[in-house]
Amino acid sequence: MGVDLIIKIAGIGLLTAVITQVLKHSGKDDMATFATLAGVVVVLMMILDIVVQLFDTVKSMFGL
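Residues numbered from 1 in each chain as written. Predicted model: local features only at pLDDT ≥ 70, side-chain atom pairs only at ≥ 80, totals over all residues. Heavy atoms only, no water.

### Some details on the overall build of the chain
Phase 1 of the analysis: Of the regular secondary structure elements, the chain holds 2 helices and 0 strands.
Phase 2 of the analysis: The principal-axis extents of the C-alpha atoms in the chain amount to approximately 55 × 20 × 10 Å.
Phase 3 of the analysis: Counting only residues that meet the buried cut, the chain has 11% of its 64 residues in that class.
Phase 4 of the analysis: Looking at the chain as shown, the accessible area adds up to about 5,100 Å², and 76% of this sits on carbon and sulfur atoms.
Phase 5 of the analysis: Charged side chains in the chain number 4 positive and 5 negative. The centres of these two groups are separated by 3 Å. (Helix = DSSP H or I, 4+ residues; strand = E, 2+ residues; numbered from the N terminus. Buried < 20%, exposed > 50% of the residue type's maximum accessible area, 1.4 Å probe, protein only. Areas by Shrake-Rupley, 256 points an atom, 1.4 Å probe, with all protein chains shown as cover. Lys, Arg positive; Asp, Glu negative; His and termini not counted. Charge placed at Lys NZ, Arg CZ, Asp CG, Glu CD.)

### What about helix H1 (residues 2–25)?
Phase 1 of the analysis: In a regular helix each residue adds 1.5 Å, so 24 residues correspond to 34 Å; H1 covers 35 Å between its end C-alpha atoms and thus fits that length.
Phase 2 of the analysis: Looking at H1, one finds that the buried residues are Leu5, Thr16, Thr20 and Leu23.
Phase 3 of the analysis: Buried residues along H1 sit in contact with helix H2 (29–62).
Phase 4 of the analysis: Gly27 lies just past H1 and shows a positive phi near 90 degrees. (Expected span 1.5 Å × (residues − 1). Contact = heavy atoms within 4.5 Å.)

In structure tokens:
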């Protein structure tokens, strides 16, 4: 879970950065912004799943 997730997030960040630079150099700044936003949303969805697991673990530890 730890290293795999970090590698996935880094890969998405790298891919998003490349797509953004290509779109900016071709003059499509608005599409570059949307590509960056899409990358951020994908990473946040991945992290959201882990945060939910964390809260479930804390609830089960304290019997809530």
